[in-house]
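Examination of the molecular architecture
Read off the chains here:
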Amino acid sequence: MKKLLGVLAGVVFVALSGQAVADEQIEIGKKIYERAFGRGCGTCHDIASNPQLAANIKAGTLDRAKFEEVIKNGKGGMPKAMDEIMKNAAVTKAGYGEAQALDALFAYISSK
Ligand code: HEC
């Protein structure tokens, strides 16, 4: 019984810390989204004529690989954004690398 309780406590702890990590990731993603290029990604992407990122992710037309490709290389009116993302204060504070910063941004946009 004691052993079972220990296992259960461990499971709850892992579940809770997993949630805390997910929350932090989304919080950092939000800061990137709102602050990139000083005015945020939404300046362009919350306008109907430009790609609707959250909707495209949900529709399955924008996956994590394409997301990264466009952010790193730019596309048409879309500026290259990797350097800008890595300069974000929330990213430097968390010590995130490029993949982690992109994961956070993708997670935030997916949650919108
Ligand atoms: C100056 C306006 C502008 C800003 C700022 C901007 N984008 Fe874009 N973005 C565009 C335009 C325009 C396109 C469409 C490019 C094309 O398809 O020719 C685009 C395309 C994209 C795509 C591809 C979407 C798809 O479904 O094909 C992604 C992903 C993307 N942007 C992410 C971002 C993120 C994340 C940020 C903030 C870090 C950002 N953009 C900031 C204008 C902008």
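Overview of the structure. What you see is a predicted model; the values in this text were computed from it and never measured.

**Quick notes on the overall build of the chain**
Looking only at helices and strands, the chain features 7 helices and 0 strands. Ordered by position from the N terminus, the helices and strands of the chain form the series α-α-α-α-α-α-α. Over its C-alpha atoms the chain spans a radius of gyration of 17 Å, topping by over 25% the 13 Å that the globule rule assigns to 112 residues. Expressed along its principal axes, the backbone C-alpha trace of the chain runs to roughly 60 × 30 × 20 Å. In the chain, which comprises 112 residues, the share counted as buried stands at 29%. Of the roughly 7,100 Å² of accessible surface on the chain, 61% is carried by carbon and sulfur atoms. Here the chain contributes 15 positive and 12 negative side-chain charges, whose respective centroids are spaced 3 Å apart.

**Some remarks on the coordination of the iron atom of the ligand**
The protein atoms donating to the iron atom of the ligand are H45 (NE2) and M78 (SD), with metal-donor distances spanning 1.9 to 2.0 Å. Every donor counted, the 6 donor atoms about the iron atom of the ligand form angles of 87 to 179 degrees at the centre, which fits octahedral coordination. Here the residue H45 occupies a position in helix α2 (residues 42–45), and M78 occupies one in the loop between α4 (64–73) and α5 (82–87), the gap between them amounting to 33 residues. For M78, a relative accessible area of 22% gives the class partly exposed.

**Regarding the site of the ligand**
Around the ligand sit 21 residues, and of these C41, C44, H45, N56 and M78 come closest. In the model, an oxygen atom of the ligand is placed 3.3 Å from a nitrogen or oxygen of the K66 side chain. Ranked by residues supplied to the shell around the ligand, first place goes to α4 with 4 residues. Its residues assigned to classes, the shell around the ligand shows 13 nonpolar, 5 polar and 3 charged.

**Some details on the packing of aromatic side chains**
Taken as a whole, this structure holds 2 aromatic pairs when the rule is applied. Plain terms: the ring middles of F67 and F106 are 5.0 Å apart, the flat faces sit at 70 degrees to each other, and that makes the pair edge-to-face. Of this pair, F67 sits in helix α4 while F106 sits in helix α7 (residues 98–111), and the two are 39 residues apart along the sequence. The same class applies to F67 as to F106, namely buried.

Procedures and definitions
- Residues numbered from 1 in each chain as written.
- Predicted model: local features only at pLDDT ≥ 70, side-chain atom pairs only at ≥ 80, totals over all residues.
- Heavy atoms only, no water.
- Helix = DSSP H or I, 4+ residues; strand = E, 2+ residues; numbered from the N terminus.
- Rg over C-alpha atoms; globule rule 2.2 N^0.38 Å.
- Buried < 20%, exposed > 50% of the residue type's maximum accessible area, 1.4 Å probe, protein only.
- Areas by Shrake-Rupley, 256 points an atom, 1.4 Å probe, with all protein chains shown as cover.
- Lys, Arg positive; Asp, Glu negative; His and termini not counted.
- Charge placed at Lys NZ, Arg CZ, Asp CG, Glu CD.
- Donors = N, O, S within 2.8 Å, 3.2 Å for Na, K, Ca; no water.
- Tetrahedral: all angles 85-135°; square planar, octahedral: opposite > 155°, others 65-115°.
- Near = heavy atom within 4 Å.
- Polar contact = N/O pair within 3.5 Å; in protein donor to acceptor, adjacent residues only side chain to side chain.
- Nonpolar A, V, L, I, M, F, W, Y, C, P; charged D, E, K, R; others polar.
- Phe/Tyr/Trp six-rings, centres within 6.5 Å; stacked < 30°, edge-to-face > 60°.

Shape descriptors only; they carry no functional weight alone.
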